[in-house]
Amino acid sequence: MGTSSSSMLSLLSIILLLSLSWAASNSVHEAFLQCLSTHSQSSHPISAVLYTPDNSSYSSVLESYIRNLRFNTSTTPKPRLIITATHESHIKAAIICSKTHGLQMKIRSGGHDFEGVSYVSDVPFFILDMFNLRSISVDIEDESAWVQAGATLGEIYYRIAEKSKTHGFPAGVCPTVGAGGYFSGGGYGNLMRKYGLSVDNIVDAELVDVNGRLLNRKSMGEDLFWAIRGGGGASYGVIVSYKIKLVQVPATVTVFRVARTLEQNATNIVYQWQQVADKVDDDLFIRLIMDVVNSSWSGKKTVRATFLSLFLGSSERLLSIMNTSLPELGLQSSDCTEMSWVESVLFWTNFDIGTPVEALLDRSPQVLTHLKRKSDYLKEPIPKAGLEGIWKKMIELQTPILTFNPYGGKMAEISPSATPFPHRAGNLCKIHYATNWGEEGSEAAERYTNLIRRLYSYMTPFVSKSPREAYFNYRDLDLGINHNGKNSYLAGRVYGIKYFKKNFNRLVRIKTKVDPGNFFRNEQSIPTLPYHLFHIQFDHVCPYKMSLAYYFMRAEETCGFSVDQETELQRFFSPIALD
């Protein structure tokens, strides 16, 4: 009887606690909504762009920009509400009320974050959705355009082509990607050997900061402007728009897509591609895609190497270059197609030749699936024996796809510290690992992600080391997760050095200066300096250059750093003059 009564009391206690928790949560939610209403402008009422779970459109708004089905399940954490901002005042209200009521803000532009970081969280959160802020203003005379964060790459290309057939912009080939996150993380595409990255061609920006101020390049200062061009805008504020510098393209470009299997001399061709892909004419970009297919010769599994190219010129000139640089491919005039630059975007996105360019305005992806991505950088060509080992491993795993994007050209001319994106001279190419699957459930997700991790592990001897570098826009939580607690700097350094190399420390210093409370944070955001170290750097409390050991001791007391972690902090401060 006593045991039964005790169990009943325990059950009642649990129910009471859950009820209190729900009531408190509901109270915060109501207070948050009231706060938004209070800070809403009558000319732009925020109530018109709020979606809560009680709203019939909530699910469709949430799911319409989820681009990875891994994060669209019944168990995926859902936002308390979604704000589909249509005006800067909505962004300001979201920041003020989020700070006041402790509800984490996630910022989503196009939803292509590979790890769902822009719309998923393990703590109570809401989404600031930017898709309504999508205006594009092209000025051909100035060769520039103002682009809002919610605009897609396809829309940008289309609007440029409306005004000029001989202008373009160096960015990606997936037309549904949102500009806000894409530009702020670097942004690369098949024009990068000619013109560099997207961030190398950004000349101004508008951002709402942690205090709700709308800033441009002049008012934010050069440090912050530097940081949001490759360091991830969501760590520093809410990107509203970027001013981009248009680049010139010929009226006619040439494309080709040629595939060779192992039985068709793929190993030798791939080996030779490595020798020339980063050294050929800057007008030529040849992507290499490797996947596993059934051999038409033997019926067994084999590796297929597909060479996908954009050339800024005629097919005649392209053939001359290819016959000299990569004759092993055996490119023929029949393999080449001449078209406009904007049409080449559709070709690279696997649309049929002749598809109307209006397809670039479609915001729905061609394919929606479960996926996992990873990245690497190749410094030296992989020897033939190494390639043969990779083929064997790929045939064993079957699903993962490798894509090699060549560097060189303009990419090798730009300083690694010019923007936060550090992967410049010395890189033969970037490697992109991709695995897609259609099966539902956590077991399938674990199985397929394990396949890509095994291939990534196998590639270790061939890729960059100390650190093993990675591309920030190819978000990969395998590299580390920051829970933004007392050790957030050290947690952030784990992935930050791989993404940004030596630029990480400058990003941290700028972050600490403009957002000392770490309001703008996520699982892989730029962290702030620990409190006492922040005061050394920014409050100049060390006028006599006192021993760092004292400050490390204070940091250990206050922030929980261990003695072993002192080395990491000393490494951070090594390039900094403490005056």
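Residues numbered from 1 in each chain as written. Predicted model: local features only at pLDDT ≥ 70, side-chain atom pairs only at ≥ 80, totals over all residues. Heavy atoms only, no water.

If you check an unreviewed UniProt entry, the protein appears there as FAD-binding PCMH-type domain-containing protein from Vitis rotundifolia. Listed in UniProt under the heading Cofactor (unreviewed entry), the comment for the protein reads: "FAD". Check the Sequence similarities (unreviewed entry) section of the UniProt entry for the protein; it says "Belongs to the oxygen-dependent FAD-linked oxidoreductase family." (UniProt positions renumbered as here; feature names shortened; annotations may be inferred.)

J.: Explanation requested: the overall build of the protein in the structure shown.
T.: Helix and strand counts for the protein come out as 19 helices and 18 strands. Classification of the 579 residues of the protein by burial places 55% in the buried group. In the protein, the share of contacts with a sequence separation of at least 24, taken over all contacts with a separation of at least 6, comes to 72%. Put simply, the protein shows about 24300 Å² of open surface, and 51% of that area lies on carbon and sulfur atoms. (Helix = DSSP H or I, 4+ residues; strand = E, 2+ residues; numbered from the N terminus. Buried < 20%, exposed > 50% of the residue type's maximum accessible area, 1.4 Å probe, protein only. Contact = heavy atoms within 4.5 Å. Areas by Shrake-Rupley, 256 points an atom, 1.4 Å probe, with all protein chains shown as cover.)

J.: Would you mind going over the state of the cysteines with me for this structure?
T.: The term disulfide refers to a covalent linkage connecting the sulfur atoms of a pair of cysteines. In this structure the tally under the stated criterion is one disulfide. Across the disulfide from Cys35 sits Cys97; the S-S distance is 2.1 Å. Its torsion about the S-S bond being -90°, the disulfide of Cys35 and Cys97 is classed as left-handed. Taken together, the residues span a long stretch of sequence, with Cys35 in helix H1 (residues 2-38) and Cys97 in helix H3 (residues 88-101) at a distance of 62 residues. In terms of burial, Cys35 and Cys97 fall into one category: buried. (Disulfide = S-S within 2.5 Å.)

J.: How do you make sense of the pattern of salt bridges when you look at a structure like this?
T.: Any two side chains of opposite charge can pair, so long as their charged atoms come close to each other. Tallying each qualifying case throughout the model produces 31 salt bridges. A salt bridge links Lys372 to Glu115; its shortest N-O distance comes to 2.5 Å. One end of the pair, Lys372, is in strand S16 (residues 370-378); the other, Glu115, is in the loop between strand S3 (104-108) and strand S4 (125-129), and 257 residues separate them in sequence. Considered together, Lys372 and Glu115 belong to a single accessibility category, that of buried residues. (Salt bridge = Lys/Arg side-chain N within 4 Å of Asp/Glu carboxyl O.)

J.: So what exactly am I meant to see when it comes to the packing of aromatic side chains here?
T.: The way to describe two aromatic rings as a pair is by their centre distance and the angle between their planes. For the coordinates displayed, the defined rule picks out 22 aromatic pairs. With a centroid separation of 5.2 Å and an interplanar angle of 80°, the aromatic rings of Phe472 and Tyr499 are classed as edge-to-face. In this pair, Phe472 is assigned in the loop between helix H14 (442-458) and helix H15 (488-500) and Tyr499 in helix H15, connecting sequence segments 27 residues apart. Across the pair, exposure class does not vary: Phe472 and Tyr499 are buried alike. A ring pair is formed by Phe519 and Phe520, whose centres lie 4.8 Å apart and whose planes are at 75°; its orientation type is edge-to-face. Judged by relative accessible area, which is 13%, Phe519 ranks as buried. Classification of Phe520 by relative accessible area gives buried; the value is 2%. Joined through ring pairs, the aromatic side chains of Phe114, Tyr188, Phe421, Tyr471 and Tyr474 make up one cluster. Sitting above the plane of the Phe347 ring, Arg257 keeps its charged end 4.3 Å from the centroid. (Phe/Tyr/Trp six-rings, centres within 6.5 Å; stacked < 30°, edge-to-face > 60°. Lys NZ or Arg CZ within 6 Å of the ring centre and 35° of its normal.)

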